[in-house]
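Residue-level structural notes
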Amino acid sequence: MPCSPTGGGDEYPVLVYTHQSTGRGAPSFALAWLAGLGLAVATVAFSRFEDIPIKDPDSLIPGYIRFPAIVLGAIALDVVPHTFMAAGRPGGGWLSRIRTAFRTVMRERWPLSHWKFALNGVIAWYLCYAAFRNVKSMAPFVHEKIYDDPLAEIDKFLFAGHDPAAVLHAWFGTGIAAHFFSSVYIVWIALVPVSIAIALVWTRQTRAGEWYVTAVAVDWALGALLYVLVPTVGPIYSDSSTFADLPDTYVSKLADSMWTDRVDTLATHGESGLQTIAAFASLHVGIMMTICLIVQAVKLARWVRIGAWTFFGLTVLATVYLGWHFFVDVIAGAALGAFAVWIAGIATGNRVGLRVRLVPEVSESGEPASASHPEALASRSLPLPDRPAAD
């Protein structure tokens with residue numbers, strides 16, 4: 001549907017929001033809600049049985065404020081530029097044109113159905129995240145045994161008697177490489193909430209966004225289960241001498257802080273806050289695998305796919321090099337992330353039989369949301385007036 005900017009010159013196409021309407025079989029984000037509710041039940045059960053308090057996972061800025069703020073910020077980045085583009089250059093009646101353009105942009109790009117979609121997704125995902133953080137913190141109380149030694153032995157078997165981290169230190173050195181891999185870790189921390197916002201806000205294909213958010217929720221749920229079944233602390237703590245030659249970085253300071261939190265949490269039986277140490281399986285690797293498989297499945301631009309797989313490789317190297325994870329954690333994390341994409345694809349209707357693939361959305365007219373690229377998870381950004389629309 002075209003939008004003609006009031007007083008703004010040439011008409012240009014608006015990439016209208018379309019919500020899938022056929023082939024569901026389950027409510028939107030059903031599996032994400034199921035994963036979140038399952039983790040919430042586990043949180044309450046562990047709290048009752050072990051007499052551990054349930055805590056807000058984000059002490060500085062609560063997650064229930066931070067994550068909606070990220071989504072609302074992403075919405076603003078979508079709406080505000082297009083409002084000003086539609087209003088045209090400042091001049092007579094400019095404020096009136098801005099108000100008219102804003103109403104038009106909101107009507108075309110943010111109908112009530114998409115508000116419901118975005119809010120449904122972010123609430124389901126936050127429930128999963130908050131419960132996951134509590135279950136992860138409670139794992140040492142529920143299952144006291146630590147399995148680092150058996151995993152270290154498996155690693156040495158896989159690397160012909162060598163420690164994988166020591167091998168990487170020999171290959172890359174213990175100077176600049178440590179700072180580089182530390183920066184990779186920092187980027188990963190920001191990547192997850194930003195990617196969730198993108199999936200809920202900047203997509204034309206709601207099925208693609210739902211698929212990704214649901215897969216990440218499954219990652220959290222399966223990761224929490226493994227943290228309880230196979231408690232570990234990771235090489236950086238169980239074999240700290242291997243990492244003694246690494247320089248001080250953001251990650252080394254973070255590791256010290258996390259160990260202090262764990263000691264305090266165990267000493268106060270959870271009263272001091274949440275601890276965040278658990279290594280098997282690696283959700284750093286698991287979620288990156290999820291991201292890579294999703295961008296492949298929805299056929300994003302080639303540079304995005306190459307960038308995702310490159311960052312996946314860097315994440316694997318960083319987690320082992322810095323000591324966060326054993327190599328076997330990496331293998332388990334990759335398998336977990338791949339399974340999450342598959343089961344989430346089945347649950348969200350993105351499948352042909354048991355093979356997952358993005359199913360094109362169907363608009364009210366019965367036509368695919370994007371006639372020439374029905375599989376694409378494209379940005380909902382509006383093309384500039386002097387550029388043709390992507391589809």
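This is a predicted model, so every value here is computed, not measured.

1. Observations concerning the overall build of the protein chain
Counting its regular elements, the protein chain contains 13 helices and four strands. The proportion of buried residues among the 391 residues of the protein chain is 49%. Contacts in the protein chain between residues far apart in sequence, at least 24 positions, make up 80% of those at least 6 positions apart.

2. Remarks on the packing of helix α6 (residues 164–172) against helix α12 (residues 302–321)
Where α6 meets α12, the closest approach of the two axes is 8 Å, and the angle between their N-to-C directions is 110°. Of the possible angle classes, the one that applies to α6 and α12 is roughly perpendicular. Every residue of α12 that contacts α6 at Pro164, Ala165, Leu168, His169 and Phe172 is listed here: Leu317, Val320 and Tyr321. Partitioning the contact of α6 with α12 into residue classes produces seven nonpolar, one polar and no charged.

3. A closer look at helix α4 (residues 112–142)
A rise of 1.5 Å per residue sets the reference length of α4, with its 31 residues, at 45 Å; its end C-alpha atoms lie 43 Å apart and thus fit the reference within 8%. Where α4 bends most, the angle comes to about 30°, and this point is Lys136, followed within four residues by the proline Pro140. Burial of α4 is extensive: 22 of the 31 residues sit out of reach of the surface.

4. Quick notes on the side chain of Ser47
Among the structural elements, Ser47 can be located in helix α1 (residues 30–50). Residue Ser47 is classed as buried on the basis of its relative accessible area of 15%. Setting aside its immediate chain neighbours within four residues, Ser47 contacts Ile52, Pro53, Ile54 and Met138.

5. Quick word on empty space enclosed by the protein
For the coordinates displayed, the defined rule picks out two cavities of 30 Å³ or more. Estimated volume of the largest cavity: approximately 50 Å³. Lining the largest cavity, in full, are Ala139, Pro140, Ile146, Tyr227, Pro231, Thr232, Arg262, Ile277 and Ala278. Taken together, the residues of the lining of the largest cavity break down into seven nonpolar, one polar and one charged. Each pocket or cavity is described by its volume, and for the second largest cavity that value is around 30 Å³. Taken together, Val184, Tyr185, Trp188, His284, Thr315, Ala318 and Thr319 make up the full set of residues lining the second largest cavity. Elements that contribute at least two residues to the lining of the second largest cavity include exactly α7 (176–201) and α12. Of the residues assigned to the lining of the second largest cavity, the class counts are four nonpolar, three polar and no charged.

6. A short note on unusual backbone geometry
The amide bond that connects Phe280 to the next residue, Ala281, takes the cis arrangement and shows omega of 0°. Turning to its location among the elements, Ala281 is positioned in the loop between α10 (250–267) and α11 (283–297). One non-glycine residue with positive phi stands out, namely Phe29, at about 60°. Among the secondary structure elements, Phe29 is positioned in the loop between β2 (12–13) and α1. Under the relative-accessibility criterion, Phe29 is labelled buried at 1%.

7. Some points on the nonpolar core
Leu200, Trp220 and Trp324 are the most contacted members of the largest nonpolar core, which has 93 residues in total. Broken down by element, the residue count for this core peaks at 15 residues, all from α4. In contact with Trp324, other than residues within four places in its own chain, are Tyr185, Gly234, Pro235, Ile236, Tyr237, Val251, Leu254, Ala255, Met258, Ala279 and Thr319. If you look at the next biggest cluster of nonpolar residues, it comprises six residues, including Phe280, Phe326, Val328 and Ala332.

8. Considerations on the confidence of the model for the protein chain
On average, residues of the protein chain score 82 in pLDDT, and 83% of them are at 70 or above. Averaged pLDDT values for the elements of the protein chain fall to 36 in β2 and rise to 95 in helix α13 (residues 327–347). Overall, residues 363–391 carries pLDDT values under 50, and its contacts beyond four positions in sequence, including any with other chains, amount to 61 contacts.

9. Some words on α11
For α11, spanning 15 residues, the distance from its first C-alpha to its last is 20 Å, which sits close to the expected 21 Å at 1.5 Å a residue. Extensive coverage of α11 is indicated by the burial of twelve of its 15 residues. Within α11, burial applies to Leu283, His284, Val285, Gly286, Ile287, Met288, Met289, Thr290, Ile291, Cys292, Ile294 and Val295. Where the residues of α11 are buried, they touch α4, α7, α8 (206–229), α12 and α13. Put simply, Ser282 is the residue that caps the front of α11, since its side-chain oxygen is 3.2 Å from the backbone nitrogen of Val285. Of the residues trailing α11, Lys299 is marked for its positive phi of about 60°.

10. Some points on the packing of aromatic side chains
Tallied over the full model, the rule gives 15 aromatic pairs. Judged by centre distance (5.2 Å) and plane angle (80°), the ring pair of Phe159 and Phe327 falls under edge-to-face. Linking Phe159 in the loop between α5 (148–158) and α6 with Phe327 in helix α13, this pair joins segments that are 168 residues apart in sequence.

About the criteria used
Residues numbered from 1 in each chain as written. Predicted model: local features only at pLDDT ≥ 70, side-chain atom pairs only at ≥ 80, totals over all residues. Heavy atoms only, no water. Helix = DSSP H or I, 4+ residues; strand = E, 2+ residues; numbered from the N terminus. Buried < 20%, exposed > 50% of the residue type's maximum accessible area, 1.4 Å probe, protein only. Contact = heavy atoms within 4.5 Å. Axes fitted to C-alpha atoms, helices over the stretch in contact; angles between N-to-C directions. Parallel < 35°, antiparallel > 145°, perpendicular 65-115°, else oblique. Nonpolar A, V, L, I, M, F, W, Y, C, P; charged D, E, K, R; others polar. Expected span 1.5 Å × (residues − 1). Bend = angle between axes of the 7 residues up to and from the residue. 1 Å grid on protein atoms, 1.4 Å probe; cavity = no way out; pocket = protein on both sides within 12 Å on 5 of 7 lines; lining within 4 Å. Points joined across faces, edges and corners; volume = space filled by probe spheres on them. Core = buried A, V, L, I, M, F, W, Y, C linked by side-chain atoms within 4.5 Å. pLDDT = per-residue confidence, 0-100. Polar contact = N/O pair within 3.5 Å; in protein donor to acceptor, adjacent residues only side chain to side chain. Phe/Tyr/Trp six-rings, centres within 6.5 Å; stacked < 30°, edge-to-face > 60°.

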